[in-house]
Amino acid sequence: MHEYMDIYSEMASLETGELVNSAFGGRYCGPIPPRQRVSLHRAVALSFYTDKMYTPPNLFTGTYRFINASEFEVGTPVPNTLCSFIIEASKRKTGLLLSPTYPGIYPKDVTCNYLFSGQPGQRIRLEFRDFDLFFGGPHCPFDWVRVYDGPDNSSAAIGTYCGQQRNLVLYSSDERLLVTFYTLPRAASTQNRGFKGIFEFSESFVKLDFISKHDAEHIRGSECDQKILSKKESTGFVYHPNYPFPYIQKVVCRYFIYGMQDSQNLERVRLEFQNFSIPKGENPKPDSTCNDGYLKVYLRGQEATDSYDKHDAELCGERAADFPPALVSDGPRLVMVFSSGELQGRGFKAKYTFETEYRVPGTAAPGGECAFTYRSESKKRGEFNSPRYPSNYPSHTNCTYMLDATPNEQVTVVFDHFKVRADAWNATAGLYGGATCSEDWVEAWWVGREGSRVPLGRWCGAAAPGPLHSPRGALGLMIALRTDAEHVASGFKARYVFEPAKSIFGDCGGNMSGAEWGVVTSPRYPLPYEPPARAAASRVCNWFVTARPGKRLLLNFQFFAVEGHLIDRGCPAAVLRLWYESPGPPLELCGEKAPADRWQYLSSSNSIRLSFIIADKSVGGSGWRAVWTEVTAAEGAACPGGALPCGAACLPRAALCSGLQHCAHPLQHHQHCAGGADWRRACVLATVLALVLAVPR
């Protein structure tokens, strides 16, 4: 308010009235002196104002000197411009590049173009030793330096820079380069000094044909950095600079190899060397095997310069023992840094392969397809999952998982997460076939040692498969994921356990034959069934029921309460599988049967099989009870010989007075049950025999 100094450093003439038309350089007061100024033309004007009667002689002091304007003429001036120049290699191969008024505060509202023009075969190196521009954000919306890889601003831009830059070194791709310096017209004063750089025209910089000829892309602005993009499971080669001749000394080149990574693709990079010779040098450093040149490999794809000391492999050497092994990236990117050092070598040639990365544990198929094997000899228990779990699996995918047991073992699989896309899911739960899951699905089979396969089911939606258990003598289990070209979901996560083989009946169960009817129940019924013993993967009970030839079997569930829900979440903890139709996969049952529900199943042959599997994550349940009956198939509306119809079956007369609920439909009380000692005696004997045969063995 009382004292200040105004500075004008962009005056075009010495006339006093020119101050009005000149850019205002700022008003200053207080204890902090203005930063250094260099005039844009021939003069600097300082205007001091005070409203005090007296000021001390040391209120401000400074120094000035006259400098040669040719320092800022970095080349041939472009006519009718303030600060644009053409720098030609024929006149000067090296020199300084200065912003106007450097190191003073740079002027406002200027546009300076510096065109570098070399000889054919030359490249241009530009190194900024000092760079200080106003920083308005990462996109540099106010003041900036933009470098073009060519003769004008229609050429590809190497980059736009502002703020403070350190170690900014740029290379042209050929003999021409354009640098544009732009400052915004504004009244506000900045305190930034601009830039100072050095340039060099040279034929000795790395020739880029070793990149362009081999399906890679030169990274603009670098001497020899390159990037390689996958074309989906493609392959190619990377080489040292100057290939096939020995490499040039004291060169650093970076290789960025990018696999695909999007909602549908995820790849990793495999690197296999075919030629390798980089001299180690003498007296290696204690923390390094390479004292001269080296090739560092970053399997996690580090791109930040400050992370280059965290390499995964440092390679050098000329002996057979130094030949690098195959390397595989941890993700979709792999980065290499080659430094040639002072010794010359024959360099390297390496083959890269983009492989689909499924992120599935297990032994992958050698051909790269989505197929994984889990062998008992390698690991007794483990996990597997859909591709990329817990992220969504890709569409249009076919994946198989093979679990191979030894001849005296069985394998159990339990699903801990399951969500497979099923937009048009037919909620007929437990059925196998295209009518149930027609978009994405999971399938499972028993696999015999001769290669045969027995289907176990097809699942989709949120209804998880019940625990799977291979039968005694089988090779193991095969599980497959099939997805179409539409939407996706998170998939599944499962675990497997190989255990010593159990009997054909498992931990409980039995063989039932020779009677006309019987009862089969869950273990301990009517008490709740229990989870498997500690450290066991599952509890398995198998029942085999066989009728006389020509007969069928009718199975009627009187009570059923097993943890799970057929539609909402499936049967991941416990499941009852019923084989009653041949050929075909079993019916999966879990959840609760309401008293009014009718769960009755008629076999297509004279045998049925029930397999009750309880996983280790089970919390127990009330269990189930079912009555099986030897029946004949009903032909027409009536049953022959006085048998009573029950759905599509004809019940034997003797079953009517057994006291068991053979049919889910109510039956009329038969007259023979009320009188006749011989008839009652026959009914009692038949019932006792059926109950004895129903006891698990």
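Residues numbered from 1 in each chain as written. Predicted model: local features only at pLDDT ≥ 70, side-chain atom pairs only at ≥ 80, totals over all residues. Heavy atoms only, no water.

Visitor: With reference to specific residues and values, describe the sheet that holds strand β33 (residues 491-500).
Guide: Across the sheet, 4 strands lie side by side as β26-β33-β28-β31; this open sheet has antiparallel pairing. Sheet topology places β26 (381-385) and β31 (468-469) at the edges, where each strand pairs with a single neighbour. Here 2 bridges tie strand β28 (residues 409-419) to β31, and the two strands are oriented antiparallel to one another. Opposite Thr412, over in β31, you have His469 as the bridge partner. (Pairing = 2+ DSSP bridges. Helix = DSSP H or I, 4+ residues; strand = E, 2+ residues; numbered from the N terminus.)

Visitor: For the state of the cysteines, give the residues involved together with the corresponding values.
Guide: Per the counting criterion, the structure on display carries 10 disulfides. Paired through a disulfide, Cys437 and Cys460 show a sulfur-sulfur distance of 2.1 Å. Between Cys437 and Cys460, the S-S dihedral sits near -85°, and the bridge is therefore left-handed. Within this pair, whereas Cys437 is found in the loop between β28 and β29 (441-447), its partner Cys460 is found in the loop between β30 (453-459) and β31, the two being separated by 23 residues in sequence. Just as Cys437 is buried, Cys460 falls in that class too. Put simply, Cys639 and Cys650 are joined by a disulfide, and their sulfur atoms are 2.0 Å apart. Taking the torsion about the sulfur-sulfur bond, which here is approximately -85°, the covalent link between Cys639 and Cys650 counts as left-handed. Linking Cys639 in the loop between β43 (623-633) and β44 (644-646) with Cys650 in strand β45 (residues 649-651), this pair joins segments that are 11 residues apart in sequence. A single burial state applies to Cys639 and to Cys650, both of which are buried. (Disulfide = S-S within 2.5 Å. Buried < 20%, exposed > 50% of the residue type's maximum accessible area, 1.4 Å probe, protein only.)

Visitor: Provide a residue-level description of the UniProt feature "domain: CUB" (unreviewed entry) in the chain, including the pertinent values.
Guide: Under the feature "domain: CUB" (unreviewed entry), the UniProt entry names residues 83-202, 224-355, 370-499 and 508-631. Here residues 508-631 runs as 0% helix and 51% strand, with 26 Å between its end C-alpha atoms. (UniProt positions renumbered as here; feature names shortened; annotations may be inferred.)

Visitor: How would you sum up the pairing of strand β18 (residues 267-277)? Please name residues and give values.
Guide: By the bridge criterion, 10 bridges tie β18 to strand β23 (residues 347-356) in an arrangement that is antiparallel. When the bridges of β23 are listed, Phe273 appears paired with Ala350. Sheet topology places β18 next to strand β21 (residues 327-328); 2 bridges connect them, and they run antiparallel. When the bridges of β21 are listed, Arg270 appears paired with Val328.

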